[in-house]
Structures are given as C-alpha cells and as structure tokens.
Amino acid sequence: MKNRNLIPLVFMVCIHLAGCHKDFSVKVSLATAGSNRPELESVLEHYRTADPNPQKLQAAEFLISNLPAHYSYSGPQIYEYYDYASRILADTTLTPEQHRDSLLAITCARYADLPLHTVPDAQIIRSDYLIYNIDKSYSQWTTCPWSSQVSFDEYLEWMLPYKAVELQELDCWRDTLLAYFGKGLEHPIKNDVEYNTTMGVADMLRNDTYNGLHRYGLYTRSGLPLLSSHLLAHQSYGDIPDYARTAVLVMRSAGIPAVLDETPVGSRGTAATSWFVILSDRGQELTSEWDLSTQIGGGFFPYERGPKVYRNTYAINPERWEYLKKAKYHYPFELGKKDVTVRYFLTSNLELPIERSVRKHLKDRFVYIASAVRSEDTPWQIVDFGKIIHGKACFRNMGREVLYMALGYDGKKLIPITAPFILHKDQGIEYVKPDTVQSPSLDRWKNNSL
Amino acid sequence: MKSIIPIALTILLSVISCTREDMYLYYALKAAGGNKEELKTVLRHYRKEDRDPLKLKAARYLISNMPAHYSYRDTAAIDSYYGKALEILGTGPSPDWQRDTLRQISDSEYAWLSNDIVSDIEVVSADYLIDNIDRAFHEWRTRPWARHLSYDEFRDWILPYKVTEQQSLDDWRTVLPVHYSDSISTVPPDDVERNSIYGAIEIVRNEIHSKQSEIGHRVIWEDRSGIPLRSARTWMRMTYGTCMDYVTMGTAVFRSMGLPAAIDQVPSWGRNGDGHSWYVFPDDRGREQATINSLIVSAGMQFYPYERIPKVWRNTYSINRKTARYLNSARYVYPFNLCQKDVTEHYNLTRDLEIDIPRERLSELKDKRYVYIAMIANSQGPEWKILDYGTLGRGKAHFRNMGCNMLYVVLGYNGSELIPVCDPFTLGKDGKISYIHYDQDNARYTCMGLRRKYYESYNVVEQRRKILGGMIQCSDHADFCHARTLYTIDTTAIPARVELRDTDRAYRYWRYLSPNGSWGNISELAFYDKDGNKLDYRGIANPEAGQDAIERAFDGNLLSNFEINQPDGNWVGMDMGKPIKVGSFSISPRSDDNDVCPGNEYELYFYNNREWVSLGYRSAQDNCLDYDSIPLNTLLWLRNYTRGNDERPFVVHETGELEWW
C-alpha cells in the first residue's frame, strides 16, 4: 500500500535522481503535493523573505525534496484510536499487560486496516508545522553546546526531520517530549567536564526517560503502535524497537543528534533488532545496544551476525528510487533507509555467477538476496536487491557468516537463481544443497525471523 | 591508445612502488653489517626451501623495517637481570617491595644497560626470524579466529617478532600460549562465539588477569620501577607494572595465539599531563575495539567519554617514513617515535590545521620547514608539551589530524630552543579556531574570587552539594536529644571558617548533622574555641559509623572522607568531655583537593606574548583568593606552591564564567 502511493510519483522524481538538481527536485516534489502545494511553497517563501536564512532555506528544500518518501495515516480514525489509547494508558488500575491487550483488542476489532490507508506527507503537511520543526531544530543546532560538533549535512539527517518513523503523528513532539523528559536540562549540575556535553546530556535524557516511562518490556503482539508524542510519554509497555524509537525522538527534542538503526531480520541470538545511535562529542557514532536501559556507547552485541543493518533516514535512498522506477517486480523496500552494514559487520560485495539456463528465464535485471531465518513457514527473508551485471548477480555490503540465496523475477514470481550458500568470515562462499537448508547443522548461519 | 595510458601509469606506479620497497630492503641489509648474511639466509629460505610467496613478502617486510628496532646489546647482562627478577617476583611482602628491590638492583648493577642498545638488524639471527615467521603464519592460518584476516591485517596485528623495543628475542611465541591457554584450549571447535576474536581475547584476557592475580599483582602507576620486564618469562611472573607494561604483555600473549592486537596511546590526555596506553583489536565485525583499563575490564566498554584527546598514536612495526624524513632533515630534532602511526581520527573529531604565522615570528626561525604543535602540560607550572610536528609553507603552519576541543600553540625553532610563534588557540568541537590574545591597550579586567586551580567534574560538584542543608548542632546529651541548631549550611561556597553566633552557653556535645540523602559525606570537620584555637577531643558519630570513618573526618587530609553506608541520619562531631563554648567551625565538603586551601601559597599568572606574567602572590586566608584585575579572555594559570599536582589553564569570559582548558 505504501508503495502504491509512491509508484505514481516515481516518474516525476526520477529526473530528480538523474539530474540531482536541487531546485528541480524541489519543483518535482512540489508537483506531488497536489492541493497542498501552496503550503510547501510558503515554507520556501518564508525562508527567502521573512526569515532569509540560507541554511534554513536549504533545510526546507531538503525536507520538501524528500517528502515523497514519507507518509501518514489518512483520515481521522487514528485519532479515535489514540484517544482510546490515552484513556486506557491513564487507567492506573490496569497492568501494562492489560493496557497492551486492551489496545490489541480494539485494534483488531476496529482499526486493523488503518495502516493500509495512508497519504503522502507532501499532501497534508502544513507550512507552520514545517517552519516550527526547522526553526526549533536549527535553533538547537546553532546554540546547544552539545550539538556544536554536528556538521550541516549531519544536522539535516540527525536533528532536522519532523518525524523519525513513518506514520508518526505530525504533532509538537519536540516540545511535548522535552516537557516530559527534559527536566534535567532546566537545572543541570554545572561542572567543567560532563556539563553541556553530548554524552552528558544524552545520558541524562536516557536516564530520565528510562525512569520516567516506567518501561515494561512486552514482546508479544500489540495493537497499532503509539506514534503520538503524548502517548509515547505514557507508554507503559512495548518492545525494544518501541523504546528505541522513543529514545530517538527524546534525544532530537533536546537537540541531541540521534538516528534509529535496525536489522531486516531478527537477531542471531537475543540481541535487539532496532536501537538508537547518537553522534558523540568526538563525532563518533555511539550505539545504545538495548533501547533506554543500557549506557550509550558501552559495547554492542559482540557476537551478533546478520545480513544487513539499515538506518532510518529522512533522505530518499537514490538506489531504491531507481529500483522503484525501473524494476519490473516491486518488493516493498522502504525508501528512507540507508545501508550501514559496514559500520556493524564485516561485509563483502558479492558477484554470484548465474547459469545461462537460469538467466534466460529472468525478466528483470534486478535480483534479490534473501537471508535464511529460523522459520518453517518463511525460511527466506529478502534483505536487499542487486543487479545482474555480466551474467553475475551483484550485491553490495553483505554481512558475512550468513546463509543466503539469490532470487530473480521470472515474470510471475521470484525464483531461486543460485543454490543457498554460506558467506564465510574469510569471504569464501560455500554452496549447500537446497534440501539441506532446514538441517540443524546450518542453524548457526541463520538469524531469527522478525 | 587512450586505454593504454592508465595501464602504463599503473605499471609505472607499481615499478616506483617496487623500487621503493626494494630500496628499503637494500638499505636495511646494508645497515645489517656483519649480520647481513643471516638476513639473506631468511630471504633465501623462503625463495628456495619454503617457497611461500606470502612468507617471503613477510620476511622482506620485517627486514625492511628492522633498522628502527633495537635490543639490549649485552644479552648476557639483561638475561642475568631477568634471572634475578624471576627470583624476586612473587616473593617478599608485596609487589611494591619487589619493584623497589628490582629498582635498587637496576640502579646499582645495570644502570648502564638501557643506554647500551643495538639495532635488531645487526643481531637478529636467521633461525629466530624464520621461526617467528613460521609460527605467526601457522597461528594465522590455523586458528579459527584469525583465518579470515587479510595479509595486511595479519602483518600489522600479528606478524612482528616483537611487541616493544628491548623485548628479549626469546621464545615468547611458544612460551606464552602454553602458559595462558588453559581456558581457550577447552573451547570446542564449533563454538562460534568463543572462537571469534572478541570471544577468544576475552577468554585469554581473563586467564591472564586471573593468573596475574594469583601471584598478587597490582597495577602501579605512580612510582619509578627498575629495568622494565620484557621477556616472556618475566611477563608471566610480573607482579607490578604500569598500564603500558600490562598491555604490552597482553598484546604479546594475544599475538602469540594468532589474536590480532596492537597498542595505542595518548601522549597526554587533553586536559592533564598524563598519558595512557591500551590495547586495541579488530573484532570479527570489522570494528576496532579499544579497551580502557589494561587487562582488568573487558573490551567494548565506553572509551573515556569525557577525556579530551589531542593525539593518539599506534605503535607499529612499520617505520613511519614521514617521521623518518623529519628526523633526517629537521634542524631541531624532537624525539618522535619512528614506529608510530597517527590514529587520532579513530578516537576523536580531527581537523587539518593551517595556522597563520606572523611575519616577524617567521623571521626568528632557523628551521623554515618544520614547526611543532603543543598543548599545555603541568610541570610545576605551565609548560608546552609537544604533540606533533608540522610543516611551514606560505606563512602558514600545517598540521594534520589534530583532535578538536583542545587548546594548542605552535612552536618553532629559533636556533637554540623552541619558541611560540603564534598566540595560543582553541580548536572547537565544530573545528573553529579562536585565538587567545592579551591586548595590553584594549584589555578589559574583572575582579573575582578564585576557588579552584583545576577544573571540576560532576562528581566534585555533586559531592560538594551534599553539605547543603547540613547543620551544626550542640547538645547536653550524647544522643543529641534536645539538640540546638546553631548554623544551617545554605551555600556550597561556605567560608573556610564560620563564626558561630548565639553561643551564649557551653555544651558538651557538638556535631555536624548531614542532610538526608548525603550518606554523611564530608571531608573534614573542625571546631574552634572563642580564641580561634582548634579543639581536639574525642570524635563521635552515629552508631553506624566506625571509628575509621570518624578519624577520617578529623585527620586533616582532604582526600579522606567521612562516608557512611546509609543515606540518611548520619552525623559526626566531638564529645568535648565537659561543656565548652565553641566560637567557630570549619567544614570541607568531599572534594578532589583542588579547591583553594587556607594556608597554601598561590600565584596567579596570565599569558602575554610568550611569557607567563604574575598577577600577584597570595597566601590564602580563606578558601577563596580575591584578585581585582584579572584580564578577560586571556589565558590564566593559578599556581599552588604548597602542594598538589593538578593545575590547568583557564579563561575568564565577560560573563564571569571560567572556562578550563
């Protein structure tokens, strides 16, 4: 569904990717806004005339030119759900399990199809909302000592975006979350070491949020995620990704540069599949390991392996746009994801020979790589796409010590184009017989399913 | 034709590259003198007998870089010293005694040894080198955690036949794995986690730590030792040492098992004079894991998040050819380590700097090619400590990879010494350079009271706040029932001596009642009579406090503390034996002892045109030193002539805020 919204836009945005001309890409993006176009134009006009700040204008252009990748719930129904959730979460006689189960029940009964009804942000976002987000984040970037190490390009991706995840409510989350969890910033203990540093402030926020949330980890299925800032502040249950997402928003609300990284498959062992990352005073990307409960930068799952790690970005991934534009089969890859696997795992670029007899069945030069997961129902999980070049299926930055298989599109469906293979730590490739994939001996090369 | 040009360029470049490598090998062999044949035997061995191209490449690499490495010339003497060390280590009352005994032996019998060194190229035998190469390759190719490493990684992290200079050319690759393999040898081959680099290093590190603990070791930072223990057998018996000693030993153990490891070090942390060393390794995920506390804690912990980092060097076997050129051509030669690589950007934000040097300063220099970048260290007062060299060009000094959030100055050689050639400047986190310049004509001044000579951490501030709400009370009863409160502390800037009013009558029991949640924390407490004489009677406290804690409150040592293992209801005081009128009291919050201390002698300096100029000498009467004309935005330094080591420069801004550097 998400892609159904996006595909019509591809033709218009493809030139943006090819030309890389900023003004033109903004124009193309404006064209996707429909009747909301004046709202977006007024943002640009605001930073040309009322507040003529070239960097803010550039920030506005960045947000607008990448709007086509982002979407929200359409219609008011989600607010009904959030109102109900608000009442449920405020009921202190209920346990976190009861909170979760109540919201799951109503989701199933009344709101199950809400995620299928989305609208591009370009068509609904208001000028004052964008201006508020730009002004607030820009002010923090230029005045907070704990973000002075952040470059403008980093600011665009780590601080500026008006949302951290899709379907997040377009509310005043920066003010709301700061009001709940930023009390420590009002009267910090002044000293000459930790005070006003990224690490000092981030650690204080993490602690305050951790203690303020009364976090309770519940990993079984929940209802619709709580993506409204008032609800995030009262979240009484959730899984690791829920709290990692909250952490990113809290950090950004205080001007701490933060992003959310995630794996497309489950962990090898019991590690998190989503976590937040901050840019430290020394410009280093420091990971959180577990959501809010562990010290930032204090070790990160030393034994984990996996095929990919993606970073949630506001910027459109140009390779994925190209894929959307040209591929004959469309796998629902999100556009706002950047491959950061090399920051976490040893990786290899793969060139897998495809037999001519197999190649002749393929109707598309785009191919897919799937990672084996511990699931009887869906033992393969597609984690990325690649291209056939000179008769070889080429994939980039693939995590090692993983069992993979390459797939291609035969005009009707995806079919295997290689035998399953293990990409070893030393980059050696070991093919295995397809009928042995479920063998327990190969379990060590698989991750859990998400 | 067009396609031929890139190929020709590639060939040309590779020829140039080959020529350079060959040249290094040629000069190394030439430097070997009488030992040349031994080294040629190694090369011949891998060309003709063990025809392994990678081993030959490794041999060429080791020999080419060998001239920079050195050993004790008198091997019999150093072996005899190590023999004595082995008799002493693990005996006697303590590691301190062992260290002191070995220092005494070093000073009296082997003082000459450290200066009598010889380049390895003149002494390494063919057998030793071949054995080392073969063993290193065997570990690389057979250990489950090492097989995936590339040749370049293997070369840098495992291959070298020594970890540190003056290391004995002994059988460390054989002896150390045997001694420290008890745990790792029990790991099943299919245990993926423990057969990873991270897993295996953790197992071995734990075993080293455990075996060193069995022989009663402790890390000793503060005192001079004798000749360092740098042989396989003395490492196994090492009971004392600095961080560098322990990480050197650990790195040798790791490499002997095919575990990649190297030693990184800061010559100085950015805001104090101390350096530090640690080991680092590339984990199975391709990330470099830096450790923090020698071999005591596991890898992957947060790396000193609040330390400022100007430079980090990695000890390498490779010769840093750029440094070699410097050493060969500079007119003033600072003893930079020839075998170190700049890895600052692995740890900190860095910038390449271009600093304008005023024409009149340039004209003073006798070396127009090299300049130096330095930070301030404390050596009984401010002193510029050199961090790296740079080059001069077009009136600018160029430096590479300088850590941000630091204060620096550029020095040049005037023919007799190094002199500052620009104003000190700060390099902000955002890469901006701000000069700190005292302009006599336009200087602005402020008056203020100085309370510190060193920056303060969260902990210091937090501990100081623990006296807020504390009370001075007196009573006729030992349990302080019907206690009378004479003073309540409402500021952390409490005077050194506080007069007590309303002491119209005498009381026998006097105390400081700490606020709830403070765990009783104070450093010192004293009571004085009406004439200002210090009262010295029996210390008392709440029952949960032991006698030791009470004594620490009255021992005059600002670094010992009264602290009780309960947050609330703590107090400490005096039983005067009879009713007494107390005239005043003094209380010192728990601190790092860098507050201005009554009775100590101080002098405040500011930096002006290469000189530290005095703003006045003071004998502190209180815990605050008042100065009435402190120049704003100027580099300042408060010296304590009485005691202590921690002092740092600071700047007073227009807002009255102090910024420490």
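Structural notes, computed from the coordinates. Residue positions within a chain follow its written sequence, with the count starting from 1. Labels follow written order: the first chain is A, the first ligand is 1, and so on. Per-residue local features of the predicted model are confined to residues with pLDDT of at least 70, and side-chain atom pairs are confined, for both listing and counting, to 80 or more; whole-chain, interface and lining totals are unaffected and use all residues. The basis for the side-chain values is all heavy atoms of the structure; hydrogens and waters are excluded.

### Details of the overall build of chain B
Think of it this way: any DSSP run of H or I at least four residues long counts as a helix, any run of E at least two long counts as a strand, and we number them from the N terminus. Of regular secondary structure, chain B possesses 15 helices and 32 strands. Dimensions of chain B, computed from C-alpha atoms along their principal axes, come out at roughly 100 × 65 × 50 Å. Buried means the residue's accessible area, taken with a 1.4 Å probe over protein chains only, is under 20% of the maximum for its type, while exposed means over 50%, and partly exposed covers the values in between. Scored against the burial criterion, the 661 residues of chain B give a buried share of 53%. In this analysis, two residues are considered to be in contact whenever any of their non-hydrogen atoms come within 4.5 Å of each other. Of all intrachain contacts in chain B linking residues separated by at least 6 positions in sequence, the fraction that spans at least 24 positions is 69%. Each accessible area is a Shrake-Rupley result for a 1.4 Å probe, and residues are judged covered by the shown protein chains and nothing else. For chain B, the exposed area adds up to about 29,100 Å²; of that, 48% sits on carbon and sulfur atoms. Mean positive and mean negative side-chain charge positions of chain B (80 and 91 charges, respectively) differ by 5 Å. Charged-residue counts in this description rest on Lys and Arg as positive and Asp and Glu as negative, His and the chain ends being excluded. Charged side chains are reduced to one point each, which is NZ for Lys, CZ for Arg, CG for Asp and CD for Glu.

### A look at unusual backbone geometry
Residues and elements named next belong to chain B. With a phi angle near 60 degrees, Gln 166 is a residue other than glycine that sits in the positive phi range. Residue position: Gln 166 is located in the loop between α7 (151–157) and α8 (172–179). On the basis of relative accessible area, Gln 166 is assigned to the buried category, the value being 11%. Even without being glycine, Asn 609 reaches a positive phi, approximately 50 degrees. For Asn 609, a relative accessible area of 48% corresponds to the partly exposed category.

### Some thoughts on a positive patch on the surface
All names here are of chain B. Here, patches come from residues exposed beyond 30% relative accessible area and free of salt bridges, joined within 9 Å for like charges and within 5 Å for nonpolar side chains (Val, Leu, Ile, Met, Phe, Trp, Tyr). When a carboxyl oxygen of Asp or Glu is within 4 Å of a side-chain nitrogen of Lys or Arg, the pair counts as a salt bridge. A cluster of basic residues, Arg 20, Lys 322, Arg 325, Arg 369 and Arg 400, forms a positive patch on the protein surface. When you line up the elements, Lys 322 lands in helix α12 (residues 321–329). Look at Lys 322 and you get partly exposed, because its relative accessible area is 43%.

### Here's the deal with the interface of chain B and chain A
Taken residue by residue, the interface counts 40 residues in chain B and 38 residues in chain A. The contact between chain B and chain A buries some 3,300 Å² in all, and 51% of this surface belongs to carbon and sulfur atoms. Taken as a group, Arg 285, Tyr 306 and Lys 429 of chain B account for 25% of the area that chain B buries against chain A, more than any other trio of residues on that side. Applying the counting rule to chain B against chain A returns two salt bridges. Ionic pairing is found between Lys 425 of chain A and Asp 284 of chain B, a salt bridge with its closest N-O pair at 2.6 Å. In protein, a polar contact means a hydrogen-donor-capable atom and an acceptor-capable atom, both N or O and within 3.5 Å, with residues adjacent in sequence counting only if both atoms are side-chain atoms; elsewhere, any N or O pair within 3.5 Å suffices. At the boundary of chain B with chain A, the tally comes to 21 residue pairs in polar contact (both at pLDDT 80 or more). Elements supplying a minimum of two residues to the side of chain B that touches chain A: α9 (197–214), α14 (458–465) and β32 (658–660) of chain B. No other element matches the four residues that α14 of chain B contributes to the side of chain B that touches chain A. Classification convention: Asp, Glu, Lys, Arg as charged; Ala, Val, Leu, Ile, Met, Phe, Trp, Tyr, Cys, Pro as nonpolar; all other residues, Gly among them, as polar. A breakdown of the residues in the side of chain B that touches chain A according to their chemical character gives 17 nonpolar, ten polar and 13 charged. Once two parts are put together, the accessible area they lose, assessed with a 1.4 Å probe and summed over both, is termed the buried area.

### Quick word on the pattern of salt bridges
All names here are of chain B. Per the stated rule, a full pass over the model turns up 69 salt bridges over all chains. In this structure, Arg 314 and Glu 288 form a salt bridge, with 2.7 Å as the shortest nitrogen-oxygen distance. Residue Arg 314 is located in strand β8 (residues 313–315), and its partner Glu 288 is located in strand β7 (residues 288–290); the two are separated by 26 residues in the primary sequence. A residue is classified by how much of its surface remains accessible, and Arg 314, at 5% relative accessible area, is buried. Given a relative accessible area of 34%, Glu 288 falls into the partly exposed group. In this structure, the salt-bridge partner of Arg 452 is Glu 456, at a minimum N-O distance of 3.7 Å. A residue is classified by how much of its surface remains accessible, and Arg 452, at 7% relative accessible area, is buried. Taking the relative accessible area as the measure of exposure, Glu 456 reaches 14% and is therefore buried.

### Brief notes about helix α12 (residues 240–253) of chain A
Spacing of three or four residues puts side chains on the same side of an α-helix, whose turn is 3.6 residues. Residue and element names in this part refer to chain A. In this model, α12 (14 residues) spans 20 Å end to end at C-alpha, consistent with the 20 Å of a helix rising 1.5 Å per residue. Burial within α12 is extensive, with 13 of its 14 residues counted as buried. Taken from the residues just after α12, Gly 255 is the one with a positive phi, measuring 85 degrees. Expected helix span is computed as 1.5 Å times (number of residues minus one).

### What about the side chain of Asn 191 of chain A?
With respect to the helices and strands, Asn 191 of chain A occurs in the loop between α9 (173–181) and α10 (198–213). There is a polar contact of 2.6 Å between the side chain of Asn 191 of chain A and the backbone nitrogen of Val 193 of chain A. With sequence-adjacent residues up to four places away left out, Asn 191 of chain A is seen in contact with Glu 456, Ser 457, Tyr 458 and Val 461 of chain B.

### A closer look at the environment of Val 26 of chain A
Residues and elements named next belong to chain A. Considering the arrangement of structural elements, one finds Val 26 in helix α2 (residues 22–31). We classify Val 26 as buried; its relative accessible area is 7%. Once the C-alpha coordinates of Val 26 and Leu 178 are considered, the two residues, 152 residues apart in sequence, prove to be 31 Å apart. Other than its neighbours up to four places away in sequence, Val 26 contacts Leu 44, Glu 61, Ile 64 and Ser 65.

### Thoughts on the packing of aromatic side chains
Residues and elements named next belong to chain B. Working definition: a ring pair exists when centres of Phe, Tyr or Trp rings (six-membered ring for Trp) sit within 6.5 Å. Plane angles under 30 degrees give stacked, over 60 give edge-to-face, the rest tilted. All told, the structure shown has 75 aromatic pairs over all chains when counted by the stated rule. Geometry around Tyr 528 places Arg 497 over its ring, the cationic atom sitting 3.4 Å from the centre. Two conditions define a charge located above a ring, namely a distance within 6 Å from the ring centre to NZ of Lys or CZ of Arg, and an angle within 35 degrees of the ring normal. Directly above the ring of Tyr 507 sits Arg 505, whose terminal nitrogen or CZ lies 4.1 Å from the centroid.

### Structural notes on the sheet that holds strand β25 (residues 571–580) of chain B
All names here are of chain B. Two strands qualify as a pair provided DSSP detects at least 2 bridges between them. Taken in spatial order, the five strands make up an open sheet running β20-β19-β22-β25-β24, and their pairing is antiparallel. Looking at which strands have only one partner, the edges of the open sheet turn out to be β20 (484–488) and β24 (538–541). Averaged over all pairs of adjacent strands, the angle between their axes in this sheet comes to 25 degrees, without regard to strand direction. Inter-axis angles, ranging from 0 to 180 degrees, are taken between N-to-C directions of lines fitted to C-alpha atoms, where helices are fitted over the stretch in contact.

### A short note on the packing of helix α3 (residues 53–64) of chain B against helix α6 (residues 126–142) of chain B
Residues and elements named next belong to chain B. Packing of α3 against α6 leaves a shortest axis separation of 11 Å and a crossing angle of 125 degrees. What the angle tells us is that α3 and α6 run oblique. By crossing handedness, the relation of α3 to α6 is classed as right-handed. Contacts between α3 and α6 involve Leu 54, Lys 55, Ala 58, Ala 59, Leu 62 and Ile 63 from the first element and Leu 129, Ile 133, Asp 134, Phe 137, Trp 140 and Arg 141 from the second. For the contact of α3 with α6, the residue count by class is nine nonpolar, no polar and three charged. These descriptions rest on fixed angle ranges, namely under 35 degrees for roughly parallel, over 145 for roughly antiparallel, 65 to 115 for roughly perpendicular, and the rest for oblique. Here is the rule for handedness: rotate from the far helix to the near one, and if that takes an anticlockwise turn smaller than a right angle the crossing is left-handed, while a clockwise turn gives right-handed.

### A short note on the side chain of Ser 29 of chain A
Residue and element names in this part refer to chain A. Along the polypeptide, Ser 29 turns up in helix α2. Of note is the side chain of Ser 29, whose polar atom sits 2.5 Å from the backbone oxygen of Ile 64. Non-local contacts of Ser 29, meaning those with residues more than four positions away in its chain, are made with Ile 64, Ser 65, Leu 67 and Pro 68.

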